[in-house]
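# Architecture at a glance
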Amino acid sequence: MRVLVARQDNIGDVLLAGPAVRAVAERADELVLLCGPRGRAAADMLPGVDRVIEWRAPWIDPDHVPVEQAEIDRLTGMLEGFDRALILTSFHQSPLPLALLLRLAGTPWIGGISEDYPGSLLDLRHRPDTDVPEPLRMLALVEDAGFPAPADTRLRVRGPLPDVDHLTGGPGYVVVHPGTSVPARAWPPGHCAEAVRLLVAAGRRVVVTGHKDEKDLTALVAGEDGLDLGGRTSLPELASVLRGACAAVAGNTGPAHLAAAVGTPVVSLFAPTVPAARWAPFGVPLALLGDQGAPCKDTRARDCPVDGHPCLASVGPDEVAAAVEIVATDEVAAADEEVHAR
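Conventions we followed
Residues numbered from 1 in each chain as written. Predicted model: local features only at pLDDT ≥ 70, side-chain atom pairs only at ≥ 80, totals over all residues. Heavy atoms only, no water. Salt bridge = Lys/Arg side-chain N within 4 Å of Asp/Glu carboxyl O. Helix = DSSP H or I, 4+ residues; strand = E, 2+ residues; numbered from the N terminus. Buried < 20%, exposed > 50% of the residue type's maximum accessible area, 1.4 Å probe, protein only. Domains from an automatic or database assignment. Contact = heavy atoms within 4.5 Å. Buried area = accessible area lost by both parts, 1.4 Å probe. Polar contact = N/O pair within 3.5 Å; in protein donor to acceptor, adjacent residues only side chain to side chain.

Attention now goes to the pattern of salt bridges. Oppositely charged side chains may form a pair once their charged atoms are brought near each other. With the rule as written, the count across this model stands at 20 salt bridges. The salt bridge partner of R2 is E30, with a shortest N-O separation of 2.6 Å. One end of the pair, R2, is in strand 1 (residues 2–6); the other, E30, is in strand 2 (residues 30–35), and 28 residues separate them in sequence. Classification of R2 as partly exposed rests on a relative accessible area of 24%. Residue E30 is classed as partly exposed on the basis of its relative accessible area, which comes to 21%. For R127, the salt bridge identified is with E115, shortest N-O distance 3.6 Å. A residue pair is termed long-range when its members are at least 10 positions apart, and R127 in the loop between strand 6 (124–126) and helix 6 (134–144) and E115 in the loop between strand 5 (110–113) and strand 6 qualify at 12 residues.

So, in C-alpha cells, the structure goes:
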C-alpha cells in the first residue's frame, strides 16, 4: 500500500503532523510526504517518511504563487500511483484543491478534514472536535481512515542528531528564540534581551537562536551575556541545540514545536491570534504566557492589530525568568520519574 500524506505549510505544522505520519507508516508499505518549501526541512526529519515531494501550493503559501498549467501538470505527474491519500490541513485551510489534483492523478481513495461539501473529491470527510491540539486533530483523521494511533503520541524527529557541543559548550543551558515568522506572534526584542540578562544573573547559561535573516535580532537579544547562535545552525543542528537545553523560551513558531519534538520544556509566549488549545507546544512541560483574552484573539492576524501589542508586551522579563525555573524543574522531575519507572 503506497500512501501519500500531505502537510503543505510551515516547519511547525509539519512537526505537528508527526504522530499522524507515524500512525500511517505503521501500516503502509511506502509513505510519501507532500510538503511545501517552508516545511521541507522538517519533513526530512520526520520518522516514518520514506520519501518527500516538495511543491509550493498556491492555496496554502502566504506569498503570491502564480497558478500555471505546467506546474499543475508537474505535480499531478508526481502524484500518480498512490493507493490512498490523506490531506492534513489547519482549521482554516481546505483539502479540496489538492483532492481535485489527486483525482486527476488517479488516486482511488482520499481522506481529509473539510467543513465544505466535498462532492466526489473525498472518500472520507472527517469532522473533528473543536479546539483539540493539532497533533490529535490530525491523528483523529488517520484513525478514522483505519490507521491506529501510535502508543506514543508525542512529537518526534529522526535521529541521530548532530553533535553541537562545540557550539553550545555542552548541555544544561536555556534557549531563547526571539524570532517568529509572523510579526504578531513576537515578544518585544527589548523584553527578550532583559530576560537573557535576568537568566544569566540567576546563574543560567543562555543560548540565543535564530534564522540567518534574524542575526541582528539575535545579536541584540544575546547582548554581552548570552551566546549568539543566530544563523549558525541547520534545522537538525537547532534540534540538537534544543535537545541539550533545560528549557526553551519561544513564541508560537516552528522552533517551539521543534523543542517539544526533542522533549524540551517550553516557556511559550503565545499571542492569542490563534487558539492556544490547538497550537501550544504539545507533550512537554509548558508555561503558557500572554493575555489569551486580548482584542486580537482568534483574528489570525499576521501584524498586530492593536497598538502596543498588549497580548505579549504585558508579559514581563521577570515572569519569563520565573517560568523557566518552573518548567526546568518539571523536566528534572519528569526525568526522575522515567528513570524510576525503568
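A cis amide bond links G159 to the next residue, P160, at an omega of 0 degrees. Along the chain, P160 turns up in the loop between helix 6 and helix 7 (165–168). Of note in the backbone geometry, R300 takes a positive phi value of approximately 55 degrees without being a glycine. Inspection of the secondary structure puts R300 in the loop between strand 12 (286–289) and helix 13 (310–313).

Interface size is commonly expressed as the accessible area that is lost once the parts come together. When cut into domains, the protein gives domain 1 (2–145) and domain 2 (164–341). Domain 1 and domain 2 are separated by 29 Å when their C-alpha centres are compared. Across the contact, 20 residues belong to domain 1 and 13 residues belong to domain 2. Summed over both sides, the interface of domain 1 with domain 2 buries roughly 1500 Å², with 76% coming from carbon and sulfur. It is M45, F91 and D131 in domain 1 that bury the most area against domain 2; as a group they hold 34% of the surface buried on that side. The interface formed by domain 1 and domain 2 includes 1 salt bridge. Among the ionic pairs, R278 bridges to D131, the shortest N-O distance being 2.7 Å. Linking domain 1 with domain 2 are 2 residue pairs in polar contact (both at pLDDT 80 or more), by the criterion used here.

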